[in-house]
Amino acid sequence: MKTIQSDNYPIFFDNSITELVNFVKQGNYSRSFILTDENTGVHCLPALKEQFADMDNFDIIEINAGEESKDIDFCIGIWKMLIDFGADRKSLMINLGGGVISDMGGFAASTFKRGIDFVHVPTTLLSQVDASVGGKTGIDIDSIKNIIGTFTQPKAVFIAYDFLNTLPARQILSGLAEMLKHGLIVDKAYWEALKSSDLSKPSVELVHWSVEIKNKVVIEDPTEKGIRKALNFGHTVGHAVETNSLINDKTPLTHGEAIAIGMICEAYLSHKKTGLSSAELEEIVKVISDLYPKYNIKESSHKALCALMLKDKKNQNGKINCTLLTRIGQCNLDNICTDAELCDSLSYYANL
Ligand code: NAD
Ligand code: ZN
């Protein structure tokens with residue numbers, strides 16, 4: 001698959017691990033730090049270590065797996081390890097993992113000594129098609145997602161599709177939500193291609209296409225003043241549902257599962273507010289409902305969910321702001337939605 005060029009960094013698809021080794025060697029870094037979590041440490045790190053066999057100037061930093069690690073305490077832990085290992089401004093951080101690792105590693109690197117270079121080696125479907133591209137880094141506070149962060153671009157992204165071989169089916173589904181979103185917001189042909197393929201493990205071509213879509217959007221608007229807001233479709237409701245689930249559920253929803261719910265609710269709002277036809281609303285609901293298990297959103301939690309949506313960093317002047325669809329493949333930015341409308345969309349989902 002061809003290398004995709006982002007604003008000022010490449011996104012490799014072929015021989016990605018070899019490309020990474022070349023990149024590290026050519027970069028003359030004083031030291032490299034591979035950030036992993038307990039799962040990528042087992043499933044993905046050995047392949048990297050094998051390739052790094054003739055290098056001795058790298059260390060491994062491992063954190064716990066899961067969203068709970070994307071917080072300031074783990075970040076301080078990473079900064080301290082960088083200090084202990086003697087990291088300097090010519091050090092490189094290699095983020096080997098899913099979106100938690102790329103968000104956290106990108107944030108830790110972009111703030112350490114006012115910023116050191118970092119690259120992403122995304123190992124989940126979600127991080128390959130979404131989190132590793134576009135330069136958003138961040139951590140959560142009190143379960144409020146990504147509330148602290150920076151826009152800092154990686155120096156390169158190395159997508160090794162084979163890492164998906166060990167990824168649990170539930171995590172594949174999680175990434176798929178962002179792929180569906182890419183089709184819904186800007187590319188009907190992509191949505192159609194997804195609909196007609198085996199989605200239990202999307203092909204490398206579909207992954208590549210998804211990255212092309214995300215890359216095109218973020219190049220046009222790197223700091224989310226305009227078109228990049230399209231990528232927030234499903235995320236106003238979705239982030240609130242995700243946060244609520246992280247706080248209350250024994251087995252919380254994945255990011256993509258929450259976004260799938262958010263896309264149904266926001267497709268419903270699109271039908272009510274921006275002219276999405278009932279036929280297309282039905283189509284979207286059917287595709288998503290066939291893929292994702294139904295989640296129980298209690299009526300009693302609607303208020304709490306709206307309160308969480310109010311804290312969303314995408315809002316302005318205390319108003320809840322959504323990206324909605326006008327039709328499949330086309331969206332409309334900056335739609336103010338009231339509490340009543342959002343509660344109505346949650347009820348719509350609950351009654352499906
Ligand atoms: P994740 O990083 O928690 O990974 C999911 C699980 O899969 C973890 O348990 C991880 O250890 C495991 N795993 C990773 N790779 C594996 C592999 N190859 N084999 C087996 N297990 C593996 O979650 P995620 O879904 O990748 O990312 C979600 C995060 O990404 C959220 O915090 C979200 O906010 C963030 N995100 C950021 C952006 C952005 O633009 N920066 C975009 C979308 C999502
Ligand atoms: Zn997302």
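Focus on the coordination of the zinc ion (ligand 2)
Here is step 1 of the chain: Protein coordination of the zinc ion (ligand 2) is provided by Glu178 (OE), His235 (NE2) and His255 (NE2), with donor distances spanning 1.9 to 2.1 Å.
Here is step 2 of the chain: What makes His235 buried here is its relative accessible area of 6%.

With respect to helix α9 (residues 204-220)
Think of an α-helix as turning once every 3.6 residues; residues three or four places apart then point the same way.
Here is step 1 of the chain: Over its 17 residues, α9 extends 24 Å from the first C-alpha to the last, a length consistent with the 24 Å expected when each residue adds 1.5 Å.
Here is step 2 of the chain: Taken residue by residue, α9 has Leu206, Val207, His208, Ser210, Val211, Ile213, Lys214, Asn215, Val217 and Val218 as its buried positions.
Here is step 3 of the chain: Those residues of α9 hidden inside the fold are in contact with β1 (4-5), β2 (10-12), α6 (125-131), α7 (169-186) and α8 (188-195).

Comments concerning the domain arrangement of the protein
Here is step 1 of the chain: On domain assignment, one finds that the protein holds domain 1 (4-166) and domain 2 (169-350).
Here is step 2 of the chain: The distance between the C-alpha centroids of domain 1 and domain 2 comes to 26 Å.
Here is step 3 of the chain: The interface of domain 1 with domain 2 comprises 26 residues on the first partner and 35 residues on the second.
Here is step 4 of the chain: Here domain 1 and domain 2 share an interface that buries about 2,700 Å² over both sides, 66% of which is from carbon and sulfur atoms.
Here is step 5 of the chain: Among the residues domain 1 hides against domain 2, the three largest losses belong to Leu125, Val129 and Tyr161. Together they make up 23% of the total.
Here is step 6 of the chain: At the boundary of domain 1 and domain 2, one finds 4 salt bridges.
Here is step 7 of the chain: For Lys145, the salt bridge identified is with Glu242, shortest N-O distance 3.4 Å.
Here is step 8 of the chain: The interface formed by domain 1 and domain 2 contains 9 residue pairs in polar contact (both at pLDDT 80 or more).

Considerations on the pairing of strand β5 (residues 91-97)
Here is step 1 of the chain: Burial of β5 is extensive: 7 of the 7 residues sit out of reach of the surface.
Here is step 2 of the chain: Covered by surrounding structure in β5 are Ser91, Met93, Asn95 and Gly97 together with Leu92, Ile94 and Leu96, the residues of both alternating faces.
Here is step 3 of the chain: Bridging between strand β3 (residues 31-37) and β5 involves 5 bridges; their strand directions are parallel. Within β5, the position partnered with Phe33 by the bridge is Met93.
Here is step 4 of the chain: In the sheet, β5 pairs with strand β6 (residues 117-122) via 6 bridges, with the strands oriented parallel. The partner of Met93 across the bridge, within β6, is Phe118.
Here is step 5 of the chain: Considered for its hand, the β-α-β crossover made up of β5, helix α5 (residues 99-111) and β6 is right-handed.

Observations regarding the layout of surface pockets
Here is step 1 of the chain: By volume, the second largest pocket amounts to about 200 Å³.
Here is step 2 of the chain: Glu67, Glu68, Lys70, Asp71, Ile72, Asp140, Ile141, Asp142, Ser143 and Leu246 are the residues that line the second largest pocket.
Here is step 3 of the chain: In terms of residue class, the lining of the second largest pocket is built from 3 nonpolar, 1 polar and 6 charged.

Overview of unusual backbone geometry
Here is step 1 of the chain: The residue Lys113 is not glycine, and still its phi comes out positive at about 50 degrees.
Here is step 2 of the chain: Turning to its location among the elements, Lys113 is positioned in the loop between α5 and β6.

A look at a nonpolar patch on the surface
Here is step 1 of the chain: The grouping of Ile141, Ile147 and Ile148 at the surface amounts to a nonpolar patch, some 200 Å² of accessible area in total.
Here is step 2 of the chain: Turning to its location among the elements, Ile141 is positioned in strand β7 (residues 136-141).
Here is step 3 of the chain: Under the relative-accessibility criterion, Ile141 is labelled partly exposed at 36%.

Things to note about the site of ligand 1
Here is step 1 of the chain: Taken together, 26 residues are adjacent to ligand 1, and Asp37, Glu67, Thr124, Lys145 and Thr166 come closest.
Here is step 2 of the chain: Within the backbone of Phe163, an N or O atom sits 2.9 Å from a nitrogen atom of ligand 1.
Here is step 3 of the chain: Separating a nitrogen atom of ligand 1 from a side-chain N or O atom of Thr166 is a distance of 2.7 Å.
Here is step 4 of the chain: Here ligand 1 loses 91% of its free accessible area of 870 Å² to cover by the protein chains.
Here is step 5 of the chain: Of all the secondary structure elements, the ones that give two or more residues to the shell around ligand 1 are α2 (38-43), α5, α6 and β8 (144-151).
Here is step 6 of the chain: For the shell around ligand 1, the residue count by class is 7 nonpolar, 11 polar and 8 charged.
Here is step 7 of the chain: Summarising the domain contributions, the shell around ligand 1 has at least three residues from each of domain 1 (4-166) and domain 2 (169-350).

Reading the values: rules and limits
- Residues numbered from 1 in each chain as written.
- Chains lettered and ligands numbered in written order.
- Predicted model: local features only at pLDDT ≥ 70, side-chain atom pairs only at ≥ 80, totals over all residues.
- Heavy atoms only, no water.
- Donors = N, O, S within 2.8 Å, 3.2 Å for Na, K, Ca; no water.
- Buried < 20%, exposed > 50% of the residue type's maximum accessible area, 1.4 Å probe, protein only.
- Helix = DSSP H or I, 4+ residues; strand = E, 2+ residues; numbered from the N terminus.
- Expected span 1.5 Å × (residues − 1).
- Contact = heavy atoms within 4.5 Å.
- Domains from an automatic or database assignment.
- Buried area = accessible area lost by both parts, 1.4 Å probe.
- Salt bridge = Lys/Arg side-chain N within 4 Å of Asp/Glu carboxyl O.
- Polar contact = N/O pair within 3.5 Å; in protein donor to acceptor, adjacent residues only side chain to side chain.
- Pairing = 2+ DSSP bridges.
- Right-handed = clockwise from strand over helix to strand, strands pointing away.
- 1 Å grid on protein atoms, 1.4 Å probe; cavity = no way out; pocket = protein on both sides within 12 Å on 5 of 7 lines; lining within 4 Å.
- Points joined across faces, edges and corners; volume = space filled by probe spheres on them.
- Nonpolar A, V, L, I, M, F, W, Y, C, P; charged D, E, K, R; others polar.
- Patch = residues over 30% accessible without salt bridge, like charges linked within 9 Å, V, L, I, M, F, W, Y side chains within 5 Å.
- Areas by Shrake-Rupley, 256 points an atom, 1.4 Å probe, with all protein chains shown as cover.
- Near = heavy atom within 4 Å.

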